[in-house]
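Secondary and tertiary structure notes
Chain residues, written in single-letter form:
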Amino acid sequence: MQVCSESSQCEFFLAYAHQPAFRKEHFNYFCFGPLAENCARRIFHQEKGLTQRADYSPTGLIFNP
Ligand code: SF4
């Protein structure tokens, strides 16, 4: 399992990686999984050069743990 290359500076990852809801919904698929390239946070950062609010999730929805 390889972690997303943006994880060390990703506010979402740093804020929620320890939470069970995060692991269930995002951990296996995006941050540590095959969908990292499709992460909405990652795409936004690459396209706009800006970072989203911390609770903007990889799916593009606001994360409510
Ligand atoms: S939320 Fe997206 S950018 Fe952040 S660590 Fe996970 S896959 Fe990478």
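Scroll up to find the structure.
Overview of the structure. (Residues numbered from 1 in each chain as written. Predicted model: local features only at pLDDT ≥ 70, side-chain atom pairs only at ≥ 80, totals over all residues. Heavy atoms only, no water.)

1. Topic: the site of the ligand
Taken together, the residues surrounding the ligand are Cys 4, Ser 7, Cys 10, Phe 12, Phe 13, Phe 30, Cys 31, Cys 39, Arg 41 and Pro 58. Here the ligand occupies the largest cavity. (Near = heavy atom within 4 Å. 1 Å grid on protein atoms, 1.4 Å probe; cavity = no way out; pocket = protein on both sides within 12 Å on 5 of 7 lines; lining within 4 Å. Sits in = over half its atoms within 2 Å of the grid points.)

2. Re the packing of aromatic side chains
Applying the stated criterion to the full structure yields four aromatic pairs. Between Phe 12 and Phe 63, the ring centres sit 5.3 Å apart and the planes meet at 70°, which makes this aromatic pair edge-to-face. Of this pair, Phe 12 sits in helix H1 (residues 11-16) while Phe 63 sits in the segment after helix H3 (40-48), and the two are 51 residues apart along the sequence. Residue Phe 63 is classed as buried on the basis of its relative accessible area, which comes to 5%. Ring geometry for Tyr 16 and Phe 63: centres 4.9 Å apart, planes at 70°, overall edge-to-face. Of the two residues, Tyr 16 sits in helix H1 while Phe 63 sits in the segment after H3, which places them 47 residues apart along the sequence. In this pair, the class of Tyr 16 matches that of Phe 63, namely buried. Three or more aromatic residues joined by ring pairs make a cluster, and in this case those are Phe 12, Tyr 16 and Phe 63. (Phe/Tyr/Trp six-rings, centres within 6.5 Å; stacked < 30°, edge-to-face > 60°. Helix = DSSP H or I, 4+ residues; strand = E, 2+ residues; numbered from the N terminus. Buried < 20%, exposed > 50% of the residue type's maximum accessible area, 1.4 Å probe, protein only.)

3. Some remarks on H3
Taken as a whole, H3 has its buried residues at Ala 40, Arg 41 and Arg 42. Contacts made by the buried residues of H3 are with H1. Directly beyond the C-terminal end of H3, a positive phi value near 75° is found at Gly 49. (Contact = heavy atoms within 4.5 Å.)

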